[in-house]
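# Fold and geometry: a report
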Amino acid sequence: MEGIDLTPTEKGTPQGGVISPLLANIALHGMEEAITKGYKRSEEQPALIRYADDFVVLHSDKGKIDQATDALTAQLADMGLILSPTKTRVTHTLIPYQENVGFDFLGFSIRQFPVGKTHTGKSTHGQPLGFKTVIKPSKESIKRHVRQTKGRIRQLRSRPQWQVIKELNPVIRGWSNYYKTVTSSKIFSGCDNVVNAQLRRWSKMRHPHKGSQWIRKKYWRTEGNRHWVFATPEGAKLRLHSDTRIQRHVKVRGEASPYDGHLLYWSQRLKTHPLLTGPLAKALQRQNGRCGWCGLLFTDEDLIEIDHRDRNRNNNAPTNLFALHRHCHDERHAKDAEDRYQSQ
């Protein structure tokens, strides 16, 4: 739709259609197998990270990258697709290659930096690498975000302070949550300074004949050690980017999926999920993946069962159920039988 004019989509999906990422995932499924075909387990295999139709292939050998490119080109050709020449390039994350270092992916900037032995990253075998990987918001994403806040503030030039706060808070919260899993603390502080400067210009435009002290007292408050809190007398307060805590993301293991029925793994990763509603899943979540009898962490090979704390099988309240190993379950009932025998 453009205005009131409708242009029918006779083939494919509309630009930005919600089903497009799903169709891309279906069509491109199997790319991982295509680039690792022919490799032995002991060999370093190319790693593919994909989000819908955007993907990155990683390997330490450029020759292997070229092989992966050929394999992907052949697979995509069978579906009538090609790699975009303008969006496809080869780069190195540590040393300059074709005047580039690192790459941007999904709004993130990925680079590696040489460091000393106290800060170096380590291989999967625990050996120091001599460099560390730093992922942070890309420069283009930061510029786009501050332009968005600037444009939103400009549109609200004649609006009251509470409405400015109401409009900006979701924008700041959403952007900060997207980047909270990477190295973003300094960038969050920088964005806070930019937004604060934008708001000072907004306040000056609203009151061109008032002094800076009068404007500051009208729109900014002091809370604890913070002297520039953009807030109303009624308590509405602008959210800061730095209010979002950094939370490191743990990569999902292999080909794991929330729908694969692996309750033990996903109960420790997810707080809520439609499939994690059964008594066993809830018990695993409450116990943080530990046996309620021996206290040890469950493993993939363990047989897990549910028991009643008060030994009343009719009391199926969630707090009365707990998960334990099958052998711990047998041990518990054997101990109960022994206690009953000794009490007679």
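Residues numbered from 1 in each chain as written. Predicted model: local features only at pLDDT ≥ 70, side-chain atom pairs only at ≥ 80, totals over all residues. Heavy atoms only, no water.

## Quick notes on the overall build of the chain
Within the chain, the secondary structure is distributed over 10 helices and 9 strands. Over its C-alpha atoms the chain spans a radius of gyration of 28 Å, topping by over 25% the 20 Å that the globule rule assigns to 344 residues. Structurally, the chain occupies a C-alpha span of about 95 × 60 × 60 Å along its principal axes. In the chain, which comprises 344 residues, the proportion classed as buried is 28%. Within the chain, residue pairs in contact and separated by at least 24 positions form 45% of the contacts whose partners lie at least 6 positions apart. For the chain, the separation between the mean place of its 55 positive charges and that of its 34 negative charges on side chains is 14 Å. (Helix = DSSP H or I, 4+ residues; strand = E, 2+ residues; numbered from the N terminus. Rg over C-alpha atoms; globule rule 2.2 N^0.38 Å. Buried < 20%, exposed > 50% of the residue type's maximum accessible area, 1.4 Å probe, protein only. Contact = heavy atoms within 4.5 Å. Lys, Arg positive; Asp, Glu negative; His and termini not counted. Charge placed at Lys NZ, Arg CZ, Asp CG, Glu CD.)

## Remarks on the packing of aromatic side chains
What the rule picks out here adds up to 12 aromatic pairs. Aromatic side chains Y219 and W220 sit 6.4 Å apart centroid to centroid with 80 degrees between the ring planes, which places their arrangement in the edge-to-face category. No difference in accessibility class separates Y219 from W220, as the two residues are buried. Ring geometry for W220 and W228: centres 5.4 Å apart, planes at 70 degrees, overall edge-to-face. Taking the relative accessible area as the measure of exposure, W228 reaches 38% and is therefore partly exposed. Sitting over the ring of W214, K210 keeps its end group 4.8 Å from the ring centre. Its end group placed over the ring of Y219, K218 keeps NZ or CZ at 5.5 Å from the ring centre. (Phe/Tyr/Trp six-rings, centres within 6.5 Å; stacked < 30°, edge-to-face > 60°. Lys NZ or Arg CZ within 6 Å of the ring centre and 35° of its normal.)

## Details of the environment of T181
As for its position among the elements, T181 is in the loop between helix 5 (161-178) and helix 6 (185-206). In this structure the C-alpha to C-alpha distance between T181 and R245, which are 64 residues apart in sequence, comes to 8.8 Å. With residues up to four places along the chain from it excluded, the contact list for T181 reads Q247, R248 and H249.

## Some details on the packing of helix 5 against helix 6
One can describe the packing of helix 5 onto helix 6 by two numbers: an axis separation of 13 Å at closest approach and a directional angle of 160 degrees. Comparing the axis directions of helix 5 and helix 6 gives the class roughly antiparallel. As for the relative orientation of helix 5 and helix 6, their crossing is right-handed in sense. On the side of helix 5, the interface is formed by Q161, V164, L168, W175 and S176, while helix 6 contributes I187, F188, C191, L199 and W202. The class makeup of the residues in the contact of helix 5 with helix 6 is 8 nonpolar, 2 polar and no charged. (Axes fitted to C-alpha atoms, helices over the stretch in contact; angles between N-to-C directions. Parallel < 35°, antiparallel > 145°, perpendicular 65-115°, else oblique. Left-handed = near helix turned anticlockwise from the far one by under 90°. Nonpolar A, V, L, I, M, F, W, Y, C, P; charged D, E, K, R; others polar.)

## Some details on the nonpolar core
In a soluble, globular protein the nonpolar side chains are often hidden away together inside. In this structure, V164, L168, L199, F230 and L238 are the most contacted members of the largest nonpolar core, which totals 14 residues. Among the elements of the structure, helix 5, helix 6 and helix 7 (212-219) are those that each provide at least two residues to this core. Tallying contributions element by element places helix 5 first for this core, with 4 residues. The contact partners of F230, leaving out residues within four places of it in the chain, are Q161, V164, I165, L199, W202, Y219, W220, A236, K237 and L238. (Core = buried A, V, L, I, M, F, W, Y, C linked by side-chain atoms within 4.5 Å.)

## Quick word on a nonpolar patch on the surface
Together, V18, I19, L22, L23 and I26 make up a nonpolar patch on the protein surface, roughly 510 Å² of accessible area in all. Tracing the backbone through its elements, the reader meets L23 in helix 1 (residues 20-28). (Patch = residues over 30% accessible without salt bridge, like charges linked within 9 Å, V, L, I, M, F, W, Y side chains within 5 Å. Areas by Shrake-Rupley, 256 points an atom, 1.4 Å probe, with all protein chains shown as cover. Salt bridge = Lys/Arg side-chain N within 4 Å of Asp/Glu carboxyl O.)

## Quick word on the environment of P279
Along the chain, the position of P279 falls in helix 9 (residues 279-286). For the pair P279 and F322, spaced 43 residues apart in the sequence, the C-alpha separation amounts to 8.4 Å. Leave out the neighbours within four places in its chain, and P279 touches I306 and L321.

## A word on the packing of helix 4 (residues 139-155) against helix 5
Running from N to C, helix 4 and helix 5 point in directions that differ by 170 degrees, and their axes come no closer than 10 Å. Judged by the angle between their axes, helix 4 and helix 5 are roughly antiparallel. Seen from helix 4, the contacting residues are S141, I142, H145, Q148, T149, R152 and I153; seen from helix 5, they are E167, L168, V171, I172 and W175. Among the residues forming the contact of helix 4 with helix 5, the class breakdown is 6 nonpolar, 4 polar and 2 charged.

## Section: unusual backbone geometry
Of note in the backbone geometry, A52 takes a positive phi value of approximately 55 degrees without being a glycine. Looking at the element boundaries, A52 is found in the loop between strand 1 (47-51) and strand 2 (54-58). Phi at Q98 takes a positive value of approximately 55 degrees, unusual for a residue other than glycine. Looking at the secondary structure, you find Q98 in the loop between helix 3 (62-77) and strand 3 (103-105).

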